[in-house]
Amino acid sequence: MADKHRIRFEPVDIEMDVDEDETILDAAFRQGVHLMHGCREGQCSACKSYVLDGEIDMDRYSTFALNDAEAADGYVLLCRSHAYSDCQIELLNFDEDELLNGIAIQRVKTTITAIEPKTRDIVSLRLTAPGYEFKPGQYADLTIPGTDEHRSFSMATTMSTPGAVEFLIKKYPGGKFSALLDDGLSVGDEVDLTGPYGSFTLKEGHVLPVVCIGGGAGMAPILSLLRHMSETGVRRPVRFYYGARTAEDLFYLDEILEIGEKLTDFEFVACLSAVDEATAPGIELGNVTDVVGRREPRIEKCETYLCGPPPMVDAALAFLQANQVPPDQIFYDKFTSPAQQ
């Protein structure tokens, strides 16, 4: 049996126990402490914290999330960190309301109700998930049938359809889960789900305009956020920029416009990077960050929500930093590499 140690978080005055064989983030989930997090794979830095006292070792992580100088100075990624003594840790990124009021992690056996292609490489997977609860913008782990492996996907729906969830999944060549959507999974099959995870949620009480920037299957959590805002009467202005290569890569346009009709001030802009001329109103040419740069001269006065392939998110983060958007106004999910899907 692994040794157990005591973790104290500052400046929030929260304590919990952690076993040496579990990460600090997993120990927090187990005990109902909802620390800020994103990918849970050492790739995104959302859970970056500072060790004030104690002995911590980390599993393998990306130096893009935590560079060598930061690690030498005592910074850690909680999703990769194992404690080998009692520790005192300073949280650098936290939401006090979320810490003790998040939704508990659930393990649910689901049943597939639909598998529907939306584009050449995006598939809608719908499941019945009895009793499953989540916040709009969060994601879940789906177990690859017949294995102990899982893949993480964002919910596109909200709790307005209790017991039913939709995932939008991008297919990759050789993807262990996505390949099953063509041959291997069928309506009626069971899939184990664990969640919810993620901090890509609308912050209650905030009033700044919302700018959403998405691409690929990053459509899913943004759809969930938009549906939540329309269902709850949020009156903040909202712009949604979606990046794609061609018009054939666009989908759910009617649903997006229908959601927008229930919002006070909404605009959807499709950004096409591989065509020479616009083909319809609401479509602009260029990479999504270039289009946002042209259309959002006061982006620093907005809250931005980003979700999509890592190169898109990285470009958007660089753009926002260059335009002096405060870090506490930026929320993002960055999908893992194709090899992991």
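Reading the values: rules and limits
Residues numbered from 1 in each chain as written. Predicted model: local features only at pLDDT ≥ 70, side-chain atom pairs only at ≥ 80, totals over all residues. Heavy atoms only, no water. Phe/Tyr/Trp six-rings, centres within 6.5 Å; stacked < 30°, edge-to-face > 60°. Buried < 20%, exposed > 50% of the residue type's maximum accessible area, 1.4 Å probe, protein only. Helix = DSSP H or I, 4+ residues; strand = E, 2+ residues; numbered from the N terminus. Pairing = 2+ DSSP bridges. Axes fitted to C-alpha atoms, helices over the stretch in contact; angles between N-to-C directions. Parallel < 35°, antiparallel > 145°, perpendicular 65-115°, else oblique. Left-handed = near helix turned anticlockwise from the far one by under 90°. Contact = heavy atoms within 4.5 Å. Nonpolar A, V, L, I, M, F, W, Y, C, P; charged D, E, K, R; others polar. Core = buried A, V, L, I, M, F, W, Y, C linked by side-chain atoms within 4.5 Å. Salt bridge = Lys/Arg side-chain N within 4 Å of Asp/Glu carboxyl O.

One pass over the full model with this rule turns up 11 aromatic pairs. Ring geometry for Phe240 and Tyr242: centres 6.2 Å apart, planes at 75°, overall edge-to-face. Taking the centre distance of 6.2 Å and the plane angle of 85° together, the rings of Tyr242 and Phe251 count as edge-to-face. Owing to a relative accessible area of 2%, Tyr242 belongs among the buried residues under this scheme.

On to the environment of Lys301. Mapped onto the secondary structure, Lys301 falls in the loop between helix H6 (288-295) and strand E18 (303-308). Along the chain, Lys301 and Pro209 lie 92 residues apart, while their C-alpha atoms are 7.5 Å from each other.

Looking now at the sheet that holds strand E1 (residues 4-10). In space, the five strands of this open sheet follow the order E2-E1-E7-E3-E5, with mixed pairing throughout. Strands with a single pairing partner mark the edges of an open sheet, and in this sheet they are strand E2 (14-19) and strand E5 (75-77). For this sheet, the mean angle separating the axes of adjacent strands, direction not counted, is 40°. As defined by bridge partners, strand E3 (residues 48-53) adjoins E5 across three bridges and the pair is classed as antiparallel. Considered in E5, the bridge of Lys48 is made with Leu77.

Turning our eyes to something else, we now look at the packing of H6 against helix H7 (residues 310-322). Between H6 and H7, the least distance of the axes is 9 Å, while the angle of their chain directions is 30°. Considering the angle they form, H6 stands roughly parallel to H7. As for the relative orientation of H6 and H7, their crossing is right-handed in sense. On H7, the residues that touch Val288, Thr289, Val292 and Gly293 of H6 are Met312, Ala315, Ala316 and Phe319. In terms of residue class, the contact of H6 with H7 is made up of six nonpolar, two polar and no charged.

Let's shift gears to unusual backbone geometry. Backbone torsion omega between Glu10 and Pro11 reads 0°, so that peptide bond is classified as cis. Mapped onto the elements, Pro11 comes out in the loop between E1 and E2. Despite not being glycine, Ser45 has its phi angle at roughly 75°, a positive value. Take Ser45: it is sitting in the loop between helix H1 (24-30) and E3. Exposure remark for Ser45: the relative accessible area of 24% places this residue in the partly exposed category. The phi torsion at Tyr252 lies on the positive side, around 60°, for a residue other than glycine. Take Tyr252: it is sitting in the loop between strand E15 (238-244) and helix H5 (253-260). With a relative accessible area of 7%, Tyr252 lands in the buried category.

Our next topic: the nonpolar core. Of all hydrophobic cores here, the largest spans 34 residues; its most connected members are Leu168, Leu226 and Phe240. Among the secondary structure elements, those contributing two or more residues to this core are strand E14 (210-215), helix H4 (219-232), E15, H5, strand E16 (266-272) and E18. Discounting chain neighbours no more than four positions away, the residues touching Leu168 are Ile122, Val123, Ser124, Ser154, Ala156, Ala217, Met219, Ala220, Leu223, Phe251 and Tyr252. If you look at the next biggest cluster of nonpolar residues, it comprises 30 residues, including Ile24, Leu77, Cys79 and Tyr197.

A few words now on the pattern of salt bridges. A complete count under the given rule lists 24 salt bridges for this structure. For Lys4, the salt bridge identified is with Asp19, shortest N-O distance 2.9 Å. Of the two residues, Lys4 sits in strand E1 while Asp19 sits in strand E2, which places them 15 residues apart along the sequence. By relative accessible area, which is 44% here, Lys4 ends up partly exposed. Among the salt bridges present, the one from Arg120 reaches Asp249, with a minimum N-O distance of 3.0 Å. Here Arg120 is found in the loop between strand E8 (106-117) and strand E9 (122-128), whereas its partner Asp249 is found in the loop between E15 and H5, with 129 residues between them in sequence.

A few words on the pairing of E9. For E9, the tally of buried residues reaches five of seven residues, placing the bulk of the element in the interior. As defined by bridge partners, E8 adjoins E9 across six bridges and the pair is classed as antiparallel. Among the inter-strand pairings, Ala114 is bridged to a residue of E9, identified as Arg126. What sits between the antiparallel neighbours E8 and E9 is a turn of four residues. In terms of strand pairing, E9 meets strand E12 (residues 164-170) through seven bridges, oriented antiparallel. Note on E12: the bridge partner recorded for Leu125 is Phe167.

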